[in-house]
Amino acid sequence: MKKVRLAVLGAGPRWSGLEGSYTEHPELEVVAVCDIADGLAEESAARLKTNKGWDVKVFRSYEEMAKGAAYDAVMITCDPDVQVDYAVAEMDRGIHVMTEVPAAYTIDQCFRLVNAVRKNGVKYQLAEQTRYWYFIKQWRKMAERGEFGRIFYAEGEYLHYSPDWDYFRNKKTGAHVWTHDPSYDNDPEWERTWRYRAFMDPIWYMPHELSPLLSITGGRIDTVSCVGTEKGKSYTEGFEVRDLECALLHNTNGALFSLRAGFNAPYGWKRDTGCHWYQIKGTECTVESSRSTLDLPKQFTPAAGWVDRPEWGCVDLEADEVFRHAAHGGADYYPIYYFVDAILNDKQPPMDVYKAVETAAPAILAAESANKGGVQLEVPDFRK
Ligand SMILES: NC(=O)c1ccc[n+]([C@@H]2O[C@H](COP(=O)([O-])OP(=O)(O)OC[C@H]3O[C@@H](n4cnc5c(N)ncnc54)[C@H](O)[C@@H]3O)[C@@H](O)[C@H]2O)c1
């Protein structure tokens, strides 16, 4: 195979954001795009014709695309809570699959993903990208060199405020509406989007913290408990979402994790990482990213105390242009780079199915814990 022929399922904002960067890959060609909403697949195909000269087939349903187009791999950028059905169907017919964050929404879906990869021997990768940020790579190297001593604590947050979210989708056209008006809930022409469902328990979106932090600590999360603010009661009135959920997790290497997520209150931006924040504490060294737009990334050692580490940004300034110019601080090109490499050179992708479900399952159980008053739950070991 000289080029990976890629199909795309879901041509919403995430795919539009990735399209320019992914299609820079010299060993990839997009051959099909599918979206259930009016016009979106057509718009992507028109851009790809103009920018790349490719003749891309467009479809309105997954079933039509699976029958009507020939491709080697699929990038699934549709609603994350339905993506596992499509991922498994594709892997069962020998198609390589990349899905988006979060990898799964139930423990059963986690097992189905793992079993599909084991059974079919195809490549699966989760497109989680924050693990490729420059400062995360530096912290990973520090851990490998033993500079933290014994890591006993990891902390992170994903607090992504927007005054309105696209909480409703028009049943006929598929168009989303960004609104602060909960009355759409009573209109039979509209239905709730996955975002509304996900933000009812925002901790579901903790994989962007777990993925980079686990890449530094090693091990996996084995127990989790979580609490949340009351649904629909504080910042976003009339919507059944929580402003914040906070999870406490235990890692098999002995580190405690403290993670939080929220999407509905004005939390404040960070200098390099926008809505994400990370900290690692070891017996010999602590590191953290900037907490606001006013401070810098920092390092603490007992000998030197706190020192600023301004070089710990997101973009790797030594990486090739195509990596540096990608969205999300230069991180968004890495997943397609590793996915194509895994397919063409028969390699294990760095964010493989085990690592993917090890970021999803703790989040799923954290949401369950929050709805059961904070009980501690055990996370299955998917590698057994
Ligand atoms: N890694 C990241 O940084 C990042 C950032 C944003 C979104 N995401 C993920 O990307 C995915 C998409 O996000 P988005 O913001 O574009 O969401 P979105 O809901 O705005 O867009 C999803 C698109 O998929 C289409 N769709 C839904 N069901 C479909 C189906 N059965 N077949 C074909 N098309 C279908 C919708 O019509 C819509 O156009 C989600 O999984 C999200 O979590 C990841």
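In what follows, the structure referred to is the one given above.
Within each chain, residues carry numbers counting from 1 in the order of the written sequence. In keeping with the model being predicted, local features are shown solely for residues with a pLDDT of at least 70 and side-chain atom pairs are shown and tallied solely at 80 or more, while totals for entire chains, interfaces and linings include all residues. Side-chain figures throughout are based on the complete set of non-hydrogen atoms in the structure, without hydrogens or water.

Chemist: Break down the pattern of salt bridges for me, with residues and values.
Modeler: Pairing between side chains of opposite charge can happen when the charged atoms of each approach one another. We define a salt bridge as a side-chain nitrogen of Lys or Arg found within 4 Å of a carboxyl oxygen belonging to Asp or Glu. Summed over the entire model, instances satisfying the criterion amount to 33 salt bridges. The salt bridge partner of Arg-383 is Glu-358, with a shortest N-O separation of 2.8 Å. Taken together, the residues span a long stretch of sequence, with Arg-383 in the segment after β18 (377–378) and Glu-358 in helix α12 (residues 353–371) at a distance of 25 residues. Only protein chains enter the accessibility calculation, which uses a 1.4 Å probe. A residue is then buried if its area is under 20% of the maximum for its type, exposed if over 50%, and partly exposed in between. What makes Arg-383 partly exposed here is its relative accessible area of 44%. A relative accessible area of 9% means that Glu-358 is categorised as buried. Beyond isolated ion pairs, a larger network of salt bridges with shared partners links Glu-155, Glu-157, Arg-260 and Lys-270. Numbering goes from the N terminus for both helices and strands, where a helix is a DSSP run of H or I of at least four residues and a strand is a run of E of at least two.

Chemist: Describe the sheet that holds strand β11 (residues 221–228), and please don't skip the residues or the numbers.
Modeler: Strand order in the open sheet formed by 9 strands is β17-β16-β15-β14-β7-β13-β12-β11-β18, with mixed pairing between adjacent strands. Each of the sheet's edge strands pairs with one partner strand only, and the pair in question is β17 (305–308) and β18. Across 6 bridges, the pairing between strand β12 (residues 245–251) and strand β13 (residues 256–262) is antiparallel. Paired with Leu-249 across the two strands is Phe-257, which belongs to β13. Residue contacts are counted whenever heavy atoms from the two residues lie within 4.5 Å of one another. In this description, a line fitted to the C-alpha atoms serves as the axis of each element, helices being fitted only across the stretch in contact, and the angle between N-to-C directions of two axes falls anywhere from 0 to 180 degrees. Along the sheet face, helix α8 (residues 207–217) touches β7 (151–159), β11, β12, β13 and β14 (276–282) and points at about 25° away from the line of β14. Packing against the sheet, α12 makes contact with β11, β12 and β18, and its axis sits at approximately 40° to β11. Only strands joined by at least two bridges in the DSSP assignment are considered to pair.

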